[in-house]
Structure formats: structure tokens, C-alpha cells
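Tertiary structure, described
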Amino acid sequence: MHRYRIKFYIDLSRSGVSPFYKRLGFIFLGATLVSLSLQLFLVKNHVIDGGIIGISILLAHITQQEIGLFLLILNTPFFLLAYTFLGKRFLLLSLFAILILSFETYLLDSLPVITSNPVLVIVLGGISLGLGVGITIRFGGCFDGTEVLAIMLSKRSSFSIGQIILLFNVLIFGSSIFIFGLSEAVFSLATFLIAFRTIDLSIQVN
């Protein structure tokens, strides 16, 4: 089932089934949802995402630099891998996604968080994050190098994209304990559990 969905996604990303401008529009929407999740719910509450985004949040906190800078630098080798194995269109759409995400996180950086209530942060932040990532994957791009690996591995296993990404993030969430604390790491994991389930659901929608 998961394998079929990913095969459909890869075929769609290399065909003319969906107009290119439509893909860009949905990917823009996905990037906006992710940036809203990061800047209005997660980052300032010390709740991280997984993958390259999570590592970027940790590095941005340590160095006091913009998250977008690390997103671009750390994702570069994975995007080269994407070009080799998933094609030029996937690379272009992914670059568009990460550029929009980097720009929007910069624009939203000065805004205060909507809430610091842990339950609302976890639920609303997780749903917005997962929906944005899922929409972007569904329409042929991604934000994160670990998503590239997850897409490739999901084609060769019975695991879904969300399940593979979750496995990648165990070490990242563990590392956040030493930077933000145990409770924040637990909140991050709970947020991601909601996000990765939302990713799968948004990819399944026909």
C-alpha cells in the first residue's frame, strides 16, 4: 500500500499529469504551513522538528544565526543526491520549497508565538507541520534531506515515509535534551508523532 503510493508519487513527479504551476502553488502552500508552524508554534517554545530542520533549529539556537542559513547549507548534499536518483524536476521543486521556507521563516522571525500552552503547541504545530510537509511531498518536492532518503528507502521497503523519518529523528530528539531539556525533547517527539501521521494522511488523500 505505502509502496504503491510512493511509486505513484515518483511517477507523478516526473510526468506532465499535473501542470507545473499547480505544483508550485501547492508547494508554496506547504512551505507556508511549515514556516507558520516553526515560527508561530515550535521554535520559540524550544520544540524542534526532526531531520535537517531539527538540526537547523538546534544550530540556530547555539549560534544565534538564522534557521534558513542552515537549511540551505545542510540540505545541499541531499539535493545533489535527489538530482542523481529522483530527477531534475524533483530537485527544482525541492529547491523552490526550501527557498520559500527559508525566506518565510526569515519574514516571520520577529513575530511572537501564538501560544506557549504545550498541548496547543504540540497539536497545532504538529498538524500544520505535517500537513505542509505532506502537501509538498505529494506535489513533487521536499524540505529536508532526510525526506529524500525516506522517499528512496520507502520504494524498497514496506515502511511509509513518515515511519522512516521517525527512525531518523531518534538521535536528533535525544540531542535536544542536552540543549533545551527533557520536557522540551518530549514535547518535540510528541509534536513529531502528530506531524508524521499527518504526513502519511495527507499523502494518502486522492
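Reading guide: rules and limits
- Residues numbered from 1 in each chain as written.
- Predicted model: local features only at pLDDT ≥ 70, side-chain atom pairs only at ≥ 80, totals over all residues.
- Heavy atoms only, no water.
- Helix = DSSP H or I, 4+ residues; strand = E, 2+ residues; numbered from the N terminus.
- Buried < 20%, exposed > 50% of the residue type's maximum accessible area, 1.4 Å probe, protein only.
- Contact = heavy atoms within 4.5 Å.
- 1 Å grid on protein atoms, 1.4 Å probe; cavity = no way out; pocket = protein on both sides within 12 Å on 5 of 7 lines; lining within 4 Å.
- Points joined across faces, edges and corners; volume = space filled by probe spheres on them.
- Nonpolar A, V, L, I, M, F, W, Y, C, P; charged D, E, K, R; others polar.
- Axes fitted to C-alpha atoms, helices over the stretch in contact; angles between N-to-C directions.
- Parallel < 35°, antiparallel > 145°, perpendicular 65-115°, else oblique.
- Left-handed = near helix turned anticlockwise from the far one by under 90°.
- Polar contact = N/O pair within 3.5 Å; in protein donor to acceptor, adjacent residues only side chain to side chain.

This paragraph deals with the side chain of S94. In this fold, S94 is placed in helix α5 (residues 88-108). Residue classification places S94 among the buried residues on the basis of a relative accessible area of 0%. Setting aside its immediate chain neighbours within four residues, S94 contacts F79, G141 and C142.

Considering only enclosed or pocket space, the largest pocket measures out at about 280 Å³ in volume. The wall of the largest pocket is formed by 14 residues, among which V43, A60, H61, Q65 and I67 lie closest to the centre. Here the element with the most residues in the lining of the largest pocket is helix α3 (residues 51-63); it accounts for three residues. In terms of residue class, the lining of the largest pocket is built from five nonpolar, six polar and three charged.

Our next topic: the packing of helix α4 (residues 67-86) against helix α7 (residues 145-154). Running from amino to carboxyl end, α4 crosses α7 at an angle of 30°, the nearest separation of the two axes being 8 Å. Compared by their axis directions, α4 and α7 come out roughly parallel. Crossing of α4 over α7 shows left-handed handedness. Taken together, the residues of α7 that come into contact with α4 (itself represented by N75, F78, L81, A82, F85 and L86) are G145, V148, L149, I151 and M152. Classifying every residue of the contact of α4 with α7 by side-chain character gives nine nonpolar, two polar and no charged.

Turning our eyes to something else, we now look at the packing of helix α9 (residues 170-179) against helix α10 (residues 182-204). Following both chains from N to C, one finds α9 and α10 inclined at 150°, their axes separated by 7 Å at the closest point. Taken together, α9 and α10 sit at an angle that is classed as roughly antiparallel. Two packed elements cross with a definite hand, and for α9 against α10 that hand is right-handed. Contacts from F173, S176 and I177 in α9 reach L182, A185, S188, L189 and F192 in α10. Residue classes in the contact of α9 with α10 are distributed as six nonpolar, two polar and no charged.

Note that S202 resides in helix α10. Judged by relative accessible area, which is 10%, S202 ranks as buried. One polar contact links the side chain of S202 to the main-chain carbonyl oxygen of I199, over a distance of 2.9 Å. Not counting chain neighbours up to four residues away, the residues in contact with S202 comprise G130, L131, G134, I135 and R138.

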